[in-house]
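# Observations on the three-dimensional arrangement
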Amino acid sequence: MVGSIAAIGAGLAVIGAGIGIGHVGGKAMEGIARQPEAASKIQTAMIIAAALIEGAALFGVVVALLGLQV
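Residues numbered from 1 in each chain as written. Predicted model: local features only at pLDDT ≥ 70, side-chain atom pairs only at ≥ 80, totals over all residues. Heavy atoms only, no water.

What counts here: UniProt positions are given in the numbering used here, feature names are shortened, and annotations may be inferred rather than shown by experiment.
If you check an unreviewed UniProt entry, the protein chain appears there as ATP synthase subunit c from Pedobacter psychrotolerans. The record held by UniProt for the protein chain lists under Sequence similarities (unreviewed entry) the comment "Belongs to the ATPase C chain family."

### Details of the UniProt feature "domain: V-ATPase proteolipid subunit C-like" (unreviewed entry) in the protein chain
Quick reminder of the rule: Counting from the N terminus, the helices are the DSSP runs of H or I reaching at least four residues and the strands are the DSSP runs of E reaching at least two.
Within the UniProt annotation, "domain: V-ATPase proteolipid subunit C-like" (unreviewed entry) is assigned to residues 6-66. Helix makes up 93% of residues 6-66 and strand 0%, whereas the separation of the span's terminal C-alpha atoms amounts to 8 Å.

### Topic: the pattern of salt bridges
To keep things clear, this is the line we draw: Salt bridges are counted wherever a side-chain nitrogen of Lys or Arg sits within 4 Å of a carboxyl oxygen of Asp or Glu. Residue burial is assigned from relative accessible area. The probe radius is 1.4 Å, only protein chains are included, and a residue is buried under 20% of its type maximum, exposed over 50%, and partly exposed in between.
Under the definition given, this model contains 1 salt bridge. Across the salt bridge formed by lysine 27 and glutamate 30, the nearest N and O atoms sit 4.0 Å from each other. Taken together, the positions of lysine 27 and glutamate 30, both in helix 1 (residues 2-34) and 3 residues apart, correspond to about one turn of that helix. Judged by relative accessible area, which is 54%, lysine 27 ranks as exposed.

### What about the environment of leucine 68?
Mapped onto the elements of the fold, leucine 68 is located in the segment after helix 2 (39-66). According to the relative accessible area criterion, leucine 68 is partly exposed, its value standing at 44%. When the C-alpha positions of leucine 68 and glycine 18 are compared, they lie 23 Å apart, and in sequence the two are 50 residues distant.

### A word on the UniProt feature "transmembrane region" (unreviewed entry) in the protein chain
Mapped onto the present numbering, the UniProt feature "transmembrane region" (unreviewed entry) falls at residues 6-24 and 45-68. With 100% helix and 0% strand, residues 6-24 has end C-alpha atoms that lie 27 Å from one another. The distance separating the terminal C-alpha atoms of residues 45-68 is 35 Å; by composition the span is 92% helix and 0% strand.

### A few points about the environment of alanine 28
Here is the rule: The contact definition used throughout considers only heavy atoms, calling two residues in contact when any of these lie within 4.5 Å.
Within the secondary structure, alanine 28 is located in helix 1. Residue classification places alanine 28 among the buried residues on the basis of a relative accessible area of 6%. Sequence spacing of alanine 28 and isoleucine 42 is 14 residues, and the spatial spacing of their C-alpha atoms is 6.3 Å. Here alanine 28 is in contact with Ile42 and Met46, once residues within four sequence places are set aside.

Right, dumping it as structure tokens:
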């Protein structure tokens, strides 16, 4: 039972990261389309935000998998 709950937690963390990165990428593309001269600044901010989202998702997966050990 604990294993299935940990797997659900890991899955939710990954789904949340996918949704978050999708929103960040979509909004960055909108910003670049509206203001092409700011593309490099927007791209830098987008990459940093995506890395932070991915780090939080990885943390969630690790915590969920550590739940299997208990």
